[in-house]
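Here is how the chains run, residue by residue.
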Amino acid sequence: MDVLSGPVAGVFRAPDVDYHAFAPELVLVAVLVAVLVVDLVLEGRGRRLVGGLAGIGLLAAMVPVLTLAVDGANRSMVGGAYVVDDFALVFKGLFLIAGYVTMLLSSDYLADDDYYEGEYYFLLLSSVLGMMVMASSRDLISIFVALELLSIPAYMLAGWRKRDLKGNEATLKYYLLGVFATGVMLYGMSLIFGITGETVLTEIGSKLQGPGASLPLVSLGIVFVIVGFAFKISAVPFHSWAPDTYEGAPTPITAFLSVASKAGGFVALMQLVFIGFLGRDDVWQPMFWVLAALTMTVGNLIALRQTNIVRMLAYSSVAQAGYMLLPFAVAGDLAKGPGAAMGPMTTYLLIYAAMNLGAFALVLAVARKTRSGEIASYGGLFEYAPGLTVLMSIFVFALAGIPPLGGWYGKLVVFKTLLDANTPWAIVLGVIAAVNSVIALYYYASVAREMWMRPVPDGDTTPVRVPAGLTAALSLCAVATVVIGVYPQVVARFGDLAVFSLLP
Amino acid sequence: MSVDYSWYLFLGAALFTIGAYGLLIRRNPLVMFMCIELMLNAVNLTFVTFSRMLNDIGGQVVVFFVLVVAAAEVVVGLGILVSILRRRPSATVDDISALKG
Amino acid sequence: MSELLRAYLTVVVFLAAAGMLVGVSLGMGRLLRPKRPSAQKAMTYESGVDPVGSIFGQSQVRYYIFALLFVMFDVEAVFIFPWALGLEVYGVFGLVEMTIFIVILALGLLYAWRKGVLRWV
């Protein structure tokens, strides 16, 4: 905090700003401002232009991410509060791509709706910007600001259809629980600040390994912070907003929330737990154990009895968050140190992003014809849309974890972490996870059965017309899902990168 | 002549608890927003107290950010609420229950 | 008496003094002033204009938008104060930073203006 203590000491040295390190965020801010201004000047007449500008902006922000990755140096700024390393870059890439795919999904959806407003893209870009900042935040203040920057636009996007009752309800529930979670997290942060006197995570980490770290107040702070983020990643019992918000929000936003927003929460948790709270695994490890076990089981059991595809995918994404929490629950027992749990989590998140975005893209494509979200409306899809049927089968079986489609590798690395830990608790958790995978297969397969074996419900077999943007998004996700399944080394490499740069 | 710091921390904890409890049991969206404010200001009080205790300006900087971001958050919330109440006057949270399952 | 209670004793004395001041001045007025009540005097004071409707009438939803805008821009000013205090210390760097900040804020105002929020209909 030398910027702020400057005037007190009577000297002020302008901080050296590493513009290369900030370039992805700066590009995004410039595009964001441009989108707002262009939309204001054209007053909604240039909808294609605004959408195109936003899409190009997301791709343009990818360029500095790549140059930074090639450069490879770890850049630490503002006294260690903002760090650009491989971990940050892997996730910045993920957020930009997820944002771009959401953009592809949105363009035709918005054009069909009478809700078009230029602010849609502005808000989406703001939320992506928040996630980009989150990936680099290594300080309590910047984590809080990033969390709010990614959440506040998301509240508005969830309620985009403001004349729709379900949309209203979606946004109100999301907002109230989101703000509640923020309050709980902040209170936890205030306790941790009070005990350690630091806001930078590395400093908190070293203080929490010294004397005074075992105070009950520290444990309370850690629990509060984790509970705050458990809302964000929709872990049971803090998941109640997720299915309602997912159903009421516009489907592209649902895809965005279930992938990017959830990944944002995981990124924050990884940074907090593996840097800040590293020495206190006695507090967070049992907590994550319970969260993971509950999240998997409850998510899968409720998903079984859903009749609406979006709600089913919502509960499925709750359950998937449970699998992603598994490495947290055993991190303290790993021989290579807790940080070794980050690789599997990153790998799983990347794979999950591809298959879940794909599944929601497909729901969008089918809903263009059937105008329904019921699983029954998928009956006989193979008869009139064989291409979409094959794609949907790829995505649901990938989510279920059937080789050789992407999902199996994510499950493999997560189970391998449990075996590496090799404690009784880890084995019990492994058994719970295995049982859950079998339960999950049932409801994923029921979608496939509906598509391949059931008759068309209303006998209408006109082919589904899929617009170009949606086709691009679908192919991108399908290719990623299949390629990752066949050559898992691709994502495993990213997973490894994300680990080593963060370990001290 | 000064009051012991722990009293401020207790006050902060009490305000936070009242806010959290109110948010969970009240059904009027406006009252729920007030409870949110109560929680966030309890956090601010705790930060400022710790900041004084530790003689570290960092805690007060956090309060600046919390203040501003909380204002933005509540403005968005009120905007959402106004748009809902325009369609359905005098709605409580229990009335807004089209989504279940 | 503990240190804490002693500290609050001053507060109690001040409270008593304040209560007495109000009581004495109002009581004196009551004793001295002439008393001629009329219906007009009981009316709500609306800056000389005859009041319309009940005092519990709801205000228009439009006030909300103005209030929300005000809260937003008012609170953002919190970042300008520390800079203003150390204006010379921060020099050109601070000036550039703050200009960017204010330009982005102004963009928000521009947005509100173009959306017609500032116009009273």
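What counts, and where the lines are drawn
- Residues numbered from 1 in each chain as written.
- Chains lettered and ligands numbered in written order.
- Predicted model: local features only at pLDDT ≥ 70, side-chain atom pairs only at ≥ 80, totals over all residues.
- Helix = DSSP H or I, 4+ residues; strand = E, 2+ residues; numbered from the N terminus.
- Buried ≥ 20, exposed ≤ 12 C-beta atoms within 10 Å, placed from the backbone.
- Contact = placed C-beta atoms within 7 Å.
- Rg over C-alpha atoms; globule rule 2.2 N^0.38 Å.
- Nonpolar A, V, L, I, M, F, W, Y, C, P; charged D, E, K, R; others polar.
- Axes fitted to C-alpha atoms, helices over the stretch in contact; angles between N-to-C directions.
- Left-handed = near helix turned anticlockwise from the far one by under 90°.
- pLDDT = per-residue confidence, 0-100.
- Expected span 1.5 Å × (residues − 1).
- Bend = angle between axes of the 7 residues up to and from the residue.
- Core = buried A, V, L, I, M, F, W, Y, C linked by C-beta atoms within 7 Å.

Student: Would you mind showing me how to read the overall build of chain A here?
Tutor: Of the regular secondary structure elements, chain A holds 20 helices and two strands. Expressed as lengths along the three principal axes of its C-alpha atoms, the size of chain A is roughly 75 × 60 × 40 Å. Expressed as a percentage of its 504 residues, the buried residues of chain A come to 61%. For chain A, the share of sequence-separated contacts (at least 6 apart) that also reach a separation of at least 24 residues comes to 81%.

Student: Would you explain the overall build of chain C in this entry?
Tutor: On a plain count of helices and strands, chain C comes out with four helices and zero strands. Secondary structure of chain C in N-to-C order comes out as α-α-α-α. A globule of 121 residues ought to have a C-alpha radius of gyration of about 14 Å, yet chain C, at 26 Å, is considerably larger. Within chain C, buried positions represent 2% of all 121 residues.

Student: Would you mind going over the interface of chain B and chain A with me for this structure?
Tutor: Accessible area lost during the coming together of the parts is what is often quoted as the interface size. Chain B puts 32 residues into the contact, and the matching count from chain A is 37 residues. Going through the elements one at a time, helix H1 (5-25), helix H2 (29-54) and helix H3 (58-87) of chain B are the ones with two or more residues in the side of chain B that touches chain A. In terms of residue count, H3 of chain B provides more of the side of chain B that touches chain A than any other element does, 14 residues in total. Considering only residue class, the side of chain B that touches chain A consists of 24 nonpolar, six polar and two charged.

Student: Looking at this structure, how should I read the packing of helix H7 (residues 165-196) of chain A against helix H10 (residues 241-248) of chain A?
Tutor: Between two packed helices, the angle of one axis relative to the other and the distance separating the axes together describe the packing. Residue and element names in this part refer to chain A. Close contact between H7 and H10 brings their axes to 8 Å; oriented N to C, the two are set at 145°. By crossing handedness, the relation of H7 to H10 is classed as left-handed. Packed against H7, whose contacting residues are Lys 166, Gly 167, Glu 169, Ala 170, Lys 173, Tyr 174 and Leu 177, the element H10 presents Trp 241, Asp 244, Thr 245, Glu 247 and Gly 248 at the interface. Split by residue class, the contact of H7 with H10 holds four nonpolar, three polar and five charged.

Student: Which parts of the structure should I look at to understand the confidence of the model for chain C?
Tutor: Any residue range with low pLDDT should be treated as having predicted coordinates unsuitable for detailed reading. Residue and element names in this part refer to chain C. Here chain C averages 83 in pLDDT, and 92% of its residues register 70 or above. Per-element mean pLDDT across chain C ranges from 82 in helix H2 (residues 62-76) up to 89 in helix H4 (residues 87-114). The ipTM for the predicted assembly is 0.91, set against a pTM of 0.88.

Student: What's the story with the interface of chain C and chain A in this structure? I'm lost.
Tutor: With eight residues of chain C in contact, the opposing surface of chain A contributes seven residues. Classifying every residue of the side of chain C that touches chain A by side-chain character gives six nonpolar, one polar and one charged.

Student: Is there a simple way to think about the environment of Ser 377 of chain A in this case?
Tutor: Residues and elements named next belong to chain A. Mapped onto the secondary structure, Ser 377 falls in the loop between helix H14 (342-370) and helix H15 (381-384). Using a count of 20 C-beta atoms within 10 Å as the deciding quantity, one classes Ser 377 as buried. Distance from Ser 377 to Glu 450, taken between C-alpha atoms, is 8.5 Å for residues 73 residues apart in sequence. Sequence-distant contacts of Ser 377, defined by excluding residues within four places in its chain, comprise Thr 370, Ser 372 and Pro 457.

Student: How should unusual backbone geometry be read in this particular structure?
Tutor: For residues that are not glycine, phi is negative in most cases, and the peptide bond is trans in most cases. Residues and elements named next belong to chain A. Residue Pro 237 is bonded to the preceding Val 236 through a cis peptide linkage, with omega at 5°. Locating Pro 237 in the fold gives a position in the loop between helix H9 (216-232) and H10. For the bond running from Pro 403 to Pro 404, omega is 5°, close enough to zero to count as cis. One can find Pro 404 in the loop between helix H16 (386-400) and helix H17 (407-421). Residue Ser 234 is not a glycine yet carries a positive backbone phi of 50°. Note that Ser 234 resides in the loop between H9 and H10. Look at Ser 234 and you get buried, because 29 C-beta atoms sit within 10 Å. The backbone phi angle of Asn 422 is positive, close to 55°, even though this residue is not glycine. Within the element layout of this structure, Asn 422 appears in the loop between H17 and helix H18 (424-453).

Student: I keep staring at the confidence of the model for chain A and nothing clicks. Help me out?
Tutor: Scored by pLDDT, chain A comes out at a mean of 88, with 96% of its residues at no less than 70. Note that residues 1-9 of chain A has pLDDT below 50 and, in this model, 13 contacts with residues that lie over four places away or in other chains.

Student: Can you help me understand the environment of Ala 70 of chain B in this one?
Tutor: Relative to the assigned elements, Ala 70 of chain B resides in helix H3. Along the backbone, Ala 70 of chain B and Phe 50 of chain B are 20 residues apart, and their C-alpha atoms lie at a distance of 20 Å.

Student: What's the story with H17 of chain A in this structure? I'm lost.
Tutor: Helical geometry note: an α-helix holds 3.6 residues per turn, so side chains three or four residues apart project in the same direction. Residue and element names in this part refer to chain A. Across its 15 residues, H17 extends 22 Å between first and last C-alpha, which sits within 8% of the 21 Å expected from 1.5 Å per residue. Within H17, burial applies to Gly 407, Trp 408, Tyr 409, Gly 410, Lys 411, Val 413, Val 414, Thr 417, Leu 418 and Ala 421. Where H17 is buried, its residues meet helix H13 (309-330), H14, H16, H18 and helix H19 (468-486). One or two steps after H17, the chain reaches Asn 422, where phi turns positive at roughly 55°.

Student: I would appreciate a short explanation of H4 of chain C in the present structure.
Tutor: Residue and element names in this part refer to chain C. Here H4 spans only 33 Å end to end across 28 residues, well under the 40 Å set by a 1.5 Å rise per residue. A maximum bend of about 70° is found in H4 at Phe 93. Following H4 by one or two positions, Gly 116 adopts a phi angle in the positive range, close to 80°.

Student: Help me understand the nonpolar core in this model?
Tutor: All names here are of chain A. Ranked by size, the top nonpolar core spans 229 residues in total, and within it Leu 125, Ala 361 and Leu 362 carry the most contacts. Counting residues per element, this core draws most heavily on H14, which supplies 19 residues. Those residues in contact with Leu 362 that lie beyond four places of it in its chain are Leu 388, Leu 391, Met 392, Phe 395 and Leu 474.

Student: Quick question: what am I supposed to make of the packing of H14 of chain A against H19 of chain A here?
Tutor: All names here are of chain A. Put simply, H14 and H19 touch, their axes get as near as 8 Å, and they point 145° apart. Both H14 and H19 take part in a crossing whose hand is left-handed. Here Ile 351, Ala 354, Met 355, Leu 357, Gly 358, Ala 361, Leu 362, Leu 364 and Ala 365 of H14 come into contact with H19, specifically with Leu 470, Ala 473, Leu 474, Cys 477, Ala 478, Ala 480, Thr 481 and Ile 484. Classifying every residue of the contact of H14 with H19 by side-chain character gives 15 nonpolar, two polar and no charged.

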